[in-house]
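Listed here are the chains, written in short residue letters.
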Amino acid sequence: MNFRTLLAIGGLSIAFSAPAQEPIRVGSFLAVTGPAAFLGDPEQKTLELYIEKLNAAGGLLGRKFQLFAYDSAGDAEKARGYVKRLIEQDKVDVIVGGSTTGETMAAVPLAEAAGTPFISLAGAVVIVEPVKKWVFKTPHTDRMACEKVFVDMRARGATKAALISGSGGFDRSMRAECLKVAAKNGIQIVADESYGAGDTDMTAQLTKIKNTAGVQAVLNAGFGQGPAIVTKNYRQIGISAPLYQSHGVASKQYVKLSGDAAEGVRLPAAALLVADTLPDSDPQKKVVTGYKRDFEGRFKQEVSTFGGHAYDGLMLAVEAIRRAGSTNKAAVRDALESIRGYVGTGGVVNMSAQDHMGLDLSAFRMLEVRNGDWMLVK
Amino acid sequence: MSSALAQYLLAGLTLGAIYALVALGFAIIYNASHVINFAQGEFVMIGGMAAAVFVESGLPLYLAVIFSIGTATLVGFALARFAVEPARGASVVTLIIITIGAAILLRGLATLVWDKKIHPLPAFSGDQPIVLGGATLLPQVLWVLGATALAVALLSWFFNRTLTGKAMLAVSHNRLAAQLVGVSVRRVLLVSFALSAALGALAGILIAPIAFTSWDAGVMLGLKGFAAAILGGLGSGPGAIAGGLALGLIEALGAGYLSSAYKDVFAFLIILAALVFLPNGLFGRRATERV
């Protein structure tokens, strides 16, 4: 099956091949273009690929899947419009989407009011805290990333850390979460700097950190080119304290952009990034290597954790519909909440009425950049 | 603390030199047509992206630099020829809106022709930092400062010593009079866009090894360059350079000594103050010679 046919998935092709049975309608809105395209692009590809695979394997409950996907371009207002359309016009059974927290939060009230199970692919804690009846999410939260980093800092004997973060939504949310959980993890934040979205030089902020007494480690919360510039500037002005990055830059691109400056940098990331180096005993080994093979085989581009979130979201929805034995929305919701021990690319998921994400700190692996590649920190 | 000050000054000068190049592009087009070209940032992006993609495809760096400046110049020429010039009878506001549209189009084209990823460009002469008075600078910074100085010198020669340059100055002083003595206003417009695009591309290439480049890299640099041009006085060459350097220094010193969270606020506050107290910018009007 060629690429063009793949693109037609979600369109008419299913209507022709499917039997009289009504298809299972999966709705999605993703930032396929715009500033968050690096999230939405692999997510969309993943959904298309696996809907096709599921249908090739006969679908579920004797029904095929049909994908309704819209490009919300990272814009919360557009996302709201598309979610309305998904619910009212396309009458989807479940929504798997929302690349960014902004888009997700714009969609939450609609999904709640309509009673449509909604699995978000965005990061922030606010999506599932406080728990919302119909809303679930697959990615790790920024709070977990902070805690993972702080635990590692303590293990290396550091108690005083500096924070440098960007001005984007992800960056600011992670900064706030880190400040919140620092004391609980025995870390004192002694410097707190920031930089703008289009900034080209962070030596001023880093010089300030360098001249702050007692800094034993530095954490950079951000994504995009900012963290790579921070990394290069960090080496340029010669700060010796260890540098940590966030899961926001957990892609090979960060290593490529930062070059030699990235050596020794640590960051928390999903197992997917080190799929090939995971020990065979790792529970996630099979899932992550399988997804990596499927995705890279089809699209000739490297997997990202973001595509993995979409994989987890879709598979959780499929599992819930299987357990519910129908697409009855309330039954699917209850089934989602009861999923325990599902092994995904993001970790082992144990949902509960209090936890609509179901991941713990073990879902994050601490990685270190060595010789231009990721290494698992034991 | 003097080493910290030196570091802030170096950071400010580097930023400032790039802002100055972008601001000069604004000034040249403004002089030729009274249009504020909001696609100036996109010229910066095209320069950086084209160079990065050429290098990735295996071209040696110097050829990539030449080709990418050439690409941007052609785009600038095409923008003037096919978008601005056909609407020459329209009001200046209409022309400005055309450039905003062109900026959005160029950004979209960049994501299609190239991609949405962030691209690195190798530094011209290595990444080994140079230690200077307790501060460190990358060799690329010397390239930025040197190339900016060279570009400014060449521009000054062009406007004062060549017929085309003098014709452009004449149009900026008095369009009608220039037309009456036989200067082709149409040609001046085309040359001004091509020249601005080349300058923008140069800025984009120089900064790419330090700050990387992507399809949307021009948005913020364009905005800062515009702010620098306003600060210096729209249409003034020396003003654009002074405005750019001042803006870069304010940002770096603000981030270093005050608060990095508000560094852009300081920069824009100072521009607001300049507009209130010096409505023509630092060098507007008072300068008799316009670049």
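Residues numbered from 1 in each chain as written. Chains lettered and ligands numbered in written order. Predicted model: local features only at pLDDT ≥ 70, side-chain atom pairs only at ≥ 80, totals over all residues.

## Concerning the overall build of chain B
- The helix and strand inventory of chain B stands at 11 helices and two strands.
- Seen in sequence order, chain B has helices and strands lined up from the N terminus as α-α-α-α-β-β-α-α-α-α-α-α-α.
- Since a compact globule built from 291 residues should have a radius of gyration of about 19 Å, the 19 Å found for chain B is in line with a globular shape.
- Split into buried and exposed, the 291 residues of chain B put 54% on the buried side.
- Put simply, of all contacts in chain B between residues at least 6 apart along the chain, 77% involve residues at least 24 apart. (Helix = DSSP H or I, 4+ residues; strand = E, 2+ residues; numbered from the N terminus. Rg over C-alpha atoms; globule rule 2.2 N^0.38 Å. Buried ≥ 20, exposed ≤ 12 C-beta atoms within 10 Å, placed from the backbone. Contact = placed C-beta atoms within 7 Å.)

## A few points about the overall build of chain A
- Helices and strands together make up the secondary structure of chain A, namely 13 helices and 14 strands.
- Taking 378 residues into account, the globule formula puts the C-alpha radius of gyration at 21 Å, and chain A, at 21 Å, falls close to it.
- When its C-alpha atoms are laid out on the principal axes, chain A stretches across 70 × 40 × 40 Å.
- Once local pairs closer than 6 in sequence are excluded, the contacts in chain A between residues at least 24 apart make up 67%.

## Considering the pairing of strand S2 (residues 65–71) of chain A
Residue and element names in this part refer to chain A.
- Counting buried residues in S2 gives six out of seven residues, a clear majority hidden from the surface.
- When strand S1 (residues 24–30) meets S2, the two strands line up parallel, connected through seven bridges. Bridge pairing in S2 links Phe-29 to Tyr-70. (Pairing = 2+ DSSP bridges.)

## Quick word on the domain arrangement of chain A
Residue and element names in this part refer to chain A.
- By domain assignment, chain A separates into domain 1 (3–140 + 285–361) and domain 2 (142–260).
- Distance between the C-alpha centres of domain 1 and domain 2: 31 Å.
- Each partner contributes to the interface: domain 1 provides 10 residues, whereas domain 2 provides 14 residues. (Domains from an automatic or database assignment.)

## Here we look at the interface of chain B and chain A
- Taken together, the contact pairs 29 residues of chain B with 28 residues of chain A.
- Contributions of two or more residues to the side of chain B that touches chain A are made by helix H1 (2–33), helix H8 (185–211), helix H9 (217–232) and helix H10 (237–257) of chain B.
- Classifying every residue of the side of chain B that touches chain A by side-chain character gives 18 nonpolar, six polar and five charged. (Nonpolar A, V, L, I, M, F, W, Y, C, P; charged D, E, K, R; others polar.)

## Looking at the environment of A:Gly214
Residues and elements named next belong to chain A.
- Mapped onto the elements, Gly-214 comes out in the loop between helix H8 (203–210) and strand S8 (217–221).
- The exposed category is assigned to Gly-214, around which 12 C-beta atoms lie within 10 Å.
- In this view, Gly-214 contacts Lys-160 and Val-190; residues no more than four positions away in its chain are not counted.

## Details of H8(A)
- Here H8(A) lies mainly inside the structure; eight of its eight residues are buried.
- Buried residues of H8(A): A:Thr203, A:Ala204, A:Gln205, A:Leu206, A:Thr207, A:Lys208, A:Ile209 and A:Lys210, and no others.
- Along its buried surface, H8(A) packs onto strand S6 (160–165), strand S7 (188–194), S8 and helix H9 (226–236) of chain A together with H1 and H10 of chain B.

## Things to note about the environment of B:Ile271
Residue and element names in this part refer to chain B.
- Locating Ile-271 in the fold gives a position in helix H11 (residues 263–277).
- We classify Ile-271 as buried; it has 20 C-beta atoms within 10 Å.
- Distance in space between the C-alpha atoms of Ile-271 and Leu-247 is 8.7 Å, their sequence separation being 24 residues.
- In contact with Ile-271, not counting residues within four places along its chain, are Ala-227, Ile-230 and Leu-231.

## Some details on the packing of H1(B) against helix H5 (residues 139–161) of chain B
Residue and element names in this part refer to chain B.
- Closest axis-to-axis distance for the H1/H5 pair is 10 Å, and the angle between their directions is 35°. You can see that H1 and H5 cross each other, and the crossing is left-handed. Of H5, the residues touching H1 (which contributes Leu-10, Leu-13, Thr-14, Ala-17, Ile-18, Ala-20, Leu-21 and Leu-24) are Val-141, Val-144, Leu-145, Thr-148, Ala-151 and Leu-155.
- Broken down by class, the residue content of the contact of H1 with H5 amounts to 12 nonpolar, two polar and no charged. (Axes fitted to C-alpha atoms, helices over the stretch in contact; angles between N-to-C directions. Left-handed = near helix turned anticlockwise from the far one by under 90°.)

## Examining the pairing of strand S11 (residues 340–343) of chain A
- Pairing of S11(A) with strand S12 (residues 348–350) of chain A, which is carried by three bridges, proceeds in the antiparallel orientation. Directly across from A:Arg340, in S12(A), lies its bridge partner A:Asn350.

## Section: the environment of A:Ala79
Residue and element names in this part refer to chain A.
- Considering the arrangement of structural elements, one finds Ala-79 in helix H4 (residues 76–88).
- We classify Ala-79 as buried; it has 28 C-beta atoms within 10 Å.
- Distance from Ala-79 to Phe-29, taken between C-alpha atoms, is 6.5 Å for residues 50 residues apart in sequence.
- Apart from the residues within four sequence positions on either side, Ala-79 is in contact with Phe-29, Ser-72, Gly-98, Glu-103, Ala-106 and Ala-107.

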